[in-house]
Amino acid sequence: MTEGMRLGAATCVVEVGAGTGSFTPSILRAMRPRARLLVVELNRELAGRLRARFRRADVIRGSVEHLPRFLSARGCPAADAVVSSLPWTTLTRPLQEKLLRAIAGSMRPGARFSTYVYVHSAWMPGAARFRRLLRRTFRKVRRTPVVLRNIPPAFVYRCEK
């Protein structure tokens, strides 16, 4: 998820839908000490756990649809990278569009976005719709090979604005 994201050169990184924080340590290790990590998590309990576990991160309990406002309030003009664990394939079309619009609108030109899709859900209508939406939103969209060691197996979309 973090490979090729240029996190070492970033000044402002965003993680959305962090859940239990499985990617957060990798993100923090790759970032420069003075870079900022904003973690946006909708679930109140998970956001509290993330705050306690990752003191270096600025954990925001809220919806990613408000990402432009969250960044502005923290003095980050735009994100250099966004790492997402949102369940894109299960979201409705309007919600996919609204959330991805907020994310892409918060990214500087050339910024990178990564997210994953479980192989078992890749054939769902929501997955095909999301793939088309990525291609309309980003200048470059690449998909990694399936990671079979992951349980369940998944692949990563790597996109560039």
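Our subject is the structure listed above.
Note that this is a predicted model, so its numbers are computed, not measured. (Residues numbered from 1 in each chain as written. Predicted model: local features only at pLDDT ≥ 70, side-chain atom pairs only at ≥ 80, totals over all residues. Heavy atoms only, no water.)

A. Looking closely at the sheet that holds strand E6 (residues 140-143). Strands sit in the order E3-E2-E1-E4-E5-E7-E6 across an open sheet of 7 strands; the sheet is mixed. Two strands in the sheet have a free side with no partner beyond their single neighbour: strand E3 (58-61) and E6. With direction set aside, neighbouring strand axes in the sheet form an average angle of 15°. In this structure, strand E2 (residues 36-41) lies alongside E3, joined through 4 bridges in parallel fashion. Of the residues in E3, the one forming a bridge with Val 39 is Val 59. The sheet contacts of helix H4 (residues 93-105) involve strand E1 (12-16), strand E4 (79-84) and strand E5 (107-118), and relative to E5 the element is tilted by about 140°. Running over the sheet, helix H5 (residues 125-137) touches E5, E6 and strand E7 (154-160) and is turned about 20° from E7. (Pairing = 2+ DSSP bridges. Helix = DSSP H or I, 4+ residues; strand = E, 2+ residues; numbered from the N terminus. Axes fitted to C-alpha atoms, helices over the stretch in contact; angles between N-to-C directions. Contact = heavy atoms within 4.5 Å.)

B. Representation of the layout of surface pockets in the model. Of the volumes computed, that of the largest pocket is approximately 340 Å³. The wall of the largest pocket is formed by 17 residues, among which Met 1, Phe 23, Tyr 116, Asn 150 and Val 156 lie closest to the centre. A per-element tally of the lining of the largest pocket places E7 first, with 4 residues. Among the residues making up the lining of the largest pocket, the classes are represented as 9 nonpolar, 6 polar and 2 charged. If you trace the second largest pocket, you find 13 residues lining it, with Leu 42, Ser 63, Val 64, Leu 86 and Leu 99 closest to the centre. Elements with a minimum of two residues in the lining of the second largest pocket: E2 and H4. Along the lines of polarity and charge, the residues of the lining of the second largest pocket split into 8 nonpolar, 3 polar and 2 charged. (1 Å grid on protein atoms, 1.4 Å probe; cavity = no way out; pocket = protein on both sides within 12 Å on 5 of 7 lines; lining within 4 Å. Points joined across faces, edges and corners; volume = space filled by probe spheres on them. Nonpolar A, V, L, I, M, F, W, Y, C, P; charged D, E, K, R; others polar.)

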